[in-house]
Amino acid sequence: MNANDSTTKLDFIRQIVAEDLKTNKWGGRVVTRFPPEPNGYLHIGHAKSIYLNFGIAAENKGGLCNLRFDDTNPIKEEEEYIESIKKDVRWLGFDWGDRLFYASDYFEQMYEYAVQLIKKGKAYVCDLTAEQTREYRGTLTKPGKNSPYRGRGVEENLELFERMRAGEFEEGRRVLRAKIDMASPNLNLRDPVMYRILHAEHHRTGDKWCIYPTYDWAHGLEDSIEKITHSICTLEFENHRPLYDWFLDELGVYHPQQVEFARLNLSYTIMSKRKLQQLVQDGLVSGWDDPRMPTICGLRRRGYTPESIRNFCKRIGVNKFNSTVDIALLEHCVREDLNKTSPRVMAVLRPLKVVIDNYPQGQVEELEAINNPEDASAGTRKVPFSRELYVEREDFMEEPPKKFYRLAPGREVRLRYAYFITCTDVVKDASGQVVELHCRYDPATRGGDAPDGRKVKSTLHWVSAAHSLEAEVRLYDHLFTKENPDDVENGVDFKSNVNPNSLEMLVLCRVEPSLAGTAPGSRYQFERLGYFCVDHDSSIGKLVFNRTVTLRDPWAKIQKAQKQR
């Protein structure tokens, strides 16, 4: 990412960084980190953190950002997640260079640090069960009670901790806890667990370890070992900062500064990794890369660009307080980017056949069409025009209401890049449904303008019936019906707010022949319809497109206003 791609106005975190550089607090260094747990796929909320951490490093001379996998829980971690996270970070436009790290790189050093705290009398092995530990912990209004094992001597604690490492005890039998203050108003300081026993194979260390550090113990040590200057976390870790500081101060090691910012909340969207997993497991979406999911891989499959996501992150800024961002802003950012970069093509999603009776039988013309009016260098292409065409079914009404200017009996409209046509006859099937229109064209209007200066009020897109390709088009909408998907009555699950109409699959669509062989991931504007991306299910024999986002439709607004009257 270019340093200029980030914000120019300093948010409160960048102000802290700027002040630290001014005072030479860290010797002129700026080192940040993005520390995902490899237990799931990244989502749009992670993109905000990636943009912030890598962005701050890029903006400052010599700045560095580490990619660090916080792989301290072998039960939930998989190599698949590690590879997907690396792919997503790169796709967003960032590079960690040679600064790829893992918490597991430091397991031995973390163990030695724990031994130091035991020797100082600041950590002890506790035999309370998990339920007893919760009971002894107290509440927000009631202080906790000291564990009966809190008074164990240093030598006994060292011996027990060594035996824990050696695998002599079953899971849950013992833990190592910090000895801080069971009466602290901050529950995180009430003798938190540092190590627990887990007889599970780790994706990198195998079965070498059977005790694993907790996040609170590992987090600060990882930052310290890597000489991070600014450890940027989301607000839920604000109450953990005193513990972060306590561990580093007691050890007397390098001490970075933890700074908290508000996480991203997006309307009509779930950000909880656990809840996203429920959607996948319950079959409410097709997988983690379902285009309705807020995952980076889902957004990529839907057709979002890295530039649009970075621009979104830039626009929402960084705050100290939680709020919800309207998903319309994210959609605006992708529209804005795709408008500049996407080639225009014509596609008909719900085809209605048009026969131009006065057009010569067997004749085919190659008409010139503009690829992108926003980019002159994109040039033009040829689209075939013939006697039989397809137009959108919704572009015709037999009895049009006021302000409907598209095709109707006796009405003249413009076909994009082609001719003026007038509807002369309507063919219906036995059920009364319109199945075919007959029209006449004006040969003098080739290119879309009439020599006599007459005007038409509507321009329609179309494809040649003989030359167009069949395609499947998937129309995506918000995955939830409520702005806050968690807005449910007591006893009702958030999944009750899943939008049953979030996906509509159209299988008999027609697209212009220039799209033959287009590669998965290619993005286009279907003129008058929206922005679409070729899905990875697409093949030479079957084109599949995902709708990324719609275009604004004045007619839809008029219809909505009429319904509200």
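Only a predicted model underlies this, so the values are computations on that prediction, with no experimental measurement involved. Starting from 1, residues in each chain are numbered consecutively following that chain's sequence as written. Given that the model is predicted, a residue must reach a pLDDT of at least 70 before its local features are reported, and side-chain atom pairs must reach 80 or more before they are shown or counted; all residues, however, enter totals for whole chains, interfaces and linings. Side-chain numbers here rest on the full set of heavy atoms in the structure, without hydrogens or water.

Peer 1: Which parts of the structure should I look at to understand the overall build of the chain?
Peer 2: Only DSSP runs of H or I with at least four residues qualify as helices, and only runs of E with at least two residues qualify as strands; both kinds are numbered from the N terminus onward. For the chain, the helix and strand inventory stands at 13 helices and 27 strands. By its C-alpha atoms, the chain is 100 × 55 × 45 Å across when sized along the principal axes. For the chain, the share of sequence-separated contacts (at least 6 apart) that also reach a separation of at least 24 residues comes to 71%. Carbon and sulfur atoms make up 47% of the accessible area of the chain, which amounts to about 25,900 Å² in all. Charged-residue counts in this description rest on Lys and Arg as positive and Asp and Glu as negative, His and the chain ends being excluded. To locate a charge, the coordinates of NZ of Lys, CZ of Arg, CG of Asp or CD of Glu are taken. In the chain, which carries 81 positive and 84 negative side-chain charges, the distance between the mean positions of the two groups comes to 4 Å. Note on contacts: a residue pair is in contact if any heavy atoms of the two residues lie within 4.5 Å. All accessibility values rest on the Shrake-Rupley procedure with a 1.4 Å probe; residue burial counts only the protein chains present in the view.

Peer 1: Sorry, what's going on with the sheet that holds strand 7 (residues 211–213) here?
Peer 2: Each strand in a sheet pairs with its neighbour through backbone hydrogen bonds, running either in the same direction (parallel) or in the opposite one (antiparallel). Two strands pair under a simple rule: DSSP has to find at least two bridges between them. Reading across from one edge, 4-5-6-7 is the order of the four strands in this open sheet, with antiparallel pairing throughout. The strands lining the two open edges of the sheet, one partner per strand, are strand 4 (123–126) and strand 7. Mean inter-strand twist for the sheet, computed between neighbouring axes without regard to direction, equals 20°. Axis lines are fitted to C-alpha atoms, over the contacting stretch for helices. Their N-to-C directions set the angle, which ranges from 0 to 180 degrees. Contacts from helix 6 (residues 154–166) reach strand 4, strand 5 (175–178), strand 6 (193–197) and strand 7, with the element oriented near 60° to strand 4.

Peer 1: Explain the pairing of strand 4 to me, please; I cannot follow it from the model alone.
Peer 2: Remark: a regular strand shows side chains that alternate across the two faces of the sheet. Burial classes: relative accessible area under 20% of the type maximum marks a residue as buried, over 50% as exposed, and values in between as partly exposed (1.4 Å probe, protein chains only). On strand 4, burial covers both faces: A123 and V125 on one face and Y124 and C126 on the other are all buried. When strand 4 meets strand 5, the two strands line up antiparallel, connected through four bridges. Its bridge partner being in strand 5, Y124 is matched across the sheet by R177.

Peer 1: Help me understand the environment of C297 in this model?
Peer 2: Turning to its location among the elements, C297 is positioned in helix 10 (residues 296–302). In contact with C297, not counting residues within four places along its chain, are Y41, D88, W288 and D289.

Peer 1: Please explain the packing of helix 2 (residues 44–59) against helix 11 (residues 306–316) as it appears in this structure.
Peer 2: How two helices pack is summed up by the angle between their axes together with the distance between the axes. Interhelical geometry of helix 2 versus helix 11 gives an angle of 75° and a closest axis separation of 10 Å. When the axis of helix 2 is compared with that of helix 11, the two are roughly perpendicular. Together, I44, A47, K48 and Y51 of helix 2 and I309, R310, F312, C313, K314 and I316 of helix 11 make up the contact between the two elements. Classification convention: Asp, Glu, Lys, Arg as charged; Ala, Val, Leu, Ile, Met, Phe, Trp, Tyr, Cys, Pro as nonpolar; all other residues, Gly among them, as polar. Across the contact of helix 2 with helix 11, the residue classes break down as seven nonpolar, no polar and three charged. The scheme is simple: roughly parallel for angles under 35 degrees, roughly antiparallel for over 145, roughly perpendicular for 65 to 115, oblique for anything else.

Peer 1: Explain the sheet that holds strand 14 (residues 351–356) here, please?
Peer 2: The strand order across the open sheet built from seven strands is 21-18-19-20-14-17-22, with neighbouring strands paired in mixed fashion. The open sheet has two edge strands, strand 21 (459–460) and strand 22 (463–464), and neither has a second partner.

Peer 1: Could you clarify how one ought to interpret the packing of helix 4 (residues 107–119) against helix 6 in this entry?
Peer 2: Two numbers describe how helix 4 lies on helix 6: the axes approach to 9 Å, and their chain directions differ by 160°. In terms of axis orientation, helix 4 runs roughly antiparallel to helix 6. Seen from above, helix 4 lies across helix 6 with right-handed handedness. Within the contact between the two elements, helix 4 uses E108, Y111, A114, V115, I118 and K119 and helix 6 uses V154, N157, L158, F161, E162 and R165. Partitioned by chemical class, the residues of the contact of helix 4 with helix 6 number seven nonpolar, one polar and four charged. It is the rotation of the near helix from the far one that decides the hand of a crossing: anticlockwise by less than a right angle makes it left-handed, clockwise makes it right-handed.

Peer 1: Whenever I open this one, the packing of aromatic side chains confuses me. Can you help?
Peer 2: Working definition: an aromatic ring pair is given by the centre-to-centre distance plus the angle between the planes. Aromatic contacts are taken between Phe, Tyr and Trp rings whose centres are within 6.5 Å, Trp giving its six-membered ring; a plane angle under 30 degrees counts as stacked, one over 60 as edge-to-face, and the others as tilted. The final tally for this structure, using the stated rule, is 21 aromatic pairs. The interplanar angle of 35° and the centroid separation of 5.4 Å between the aromatic rings of F54 and F94 together place this pair among those described as tilted. Highlighted residues: F54 in helix 2 and F94 in the loop between helix 3 (79–91) and strand 3 (100–102), separated in sequence by 40 residues. Pairing Y359 with F385 gives two aromatic rings, centres 5.3 Å apart and planes at 75°, and the pair type is edge-to-face. Of the two residues, Y359 sits in the loop between strand 14 and strand 15 (365–370) while F385 sits in strand 16 (residues 380–385), which places them 26 residues apart along the sequence. In this structure Y359 comes out as buried when scored by relative accessible area, which is 2%.

Peer 1: Can you walk me through unusual backbone geometry in this structure?
Peer 2: Glycine aside, the phi torsion of most residues is negative, and most peptide linkages are trans. Here N24, not a glycine, exhibits a phi torsion of approximately 60°, which is positive. The phi torsion at Y417 lies on the positive side, around 65°, for a residue other than glycine. Here Y417 shows up in the loop between strand 18 (412–415) and strand 19 (420–428). When its relative accessible area of 11% is taken as the criterion, Y417 is described as buried.

Peer 1: What is the right way to read helix 9 (residues 273–281) from this model?
Peer 2: Those residues of helix 9 lying buried are K275, L276, Q278 and L279. Seen from one end, helix 9 has its buried residues packed into an arc of 150°, which puts them on one side. Facing away from the buried side of helix 9 by more than 90 degrees, the exposed set consists of R274 and Q281. Positive phi shows up at G283, right after helix 9, with a value of about 75°. Working definition: the arc comes from the directions between the helix axis and the C-beta atoms, pointing outward to the latter.

Peer 1: Explain the side chain of D11 here, please?
Peer 2: Among the structural elements, D11 can be located in the segment before helix 1 (12–23). Contacts described as polar in this section are N or O atom pairs within 3.5 Å, which, within protein, must combine one atom able to donate a hydrogen with one able to accept it, while residues neighboring in sequence count only if both atoms come from side chains. A polar side-chain atom of D11 sits 3.0 Å from the main-chain amide nitrogen of I13. Among the polar contacts made by the side chain of D11, one reaches the side chain of R14 at a distance of 2.4 Å.

Peer 1: Explain the side chain of K86 to me, please; I cannot follow it from the model alone.
Peer 2: Here K86 shows up in helix 3. Here the side chain of K86 touches E83 through a polar contact of 3.2 Å, side chain to side chain. Excluding residues within four positions of it along the chain, K86 makes contact with L67, F69, W96 and L100.

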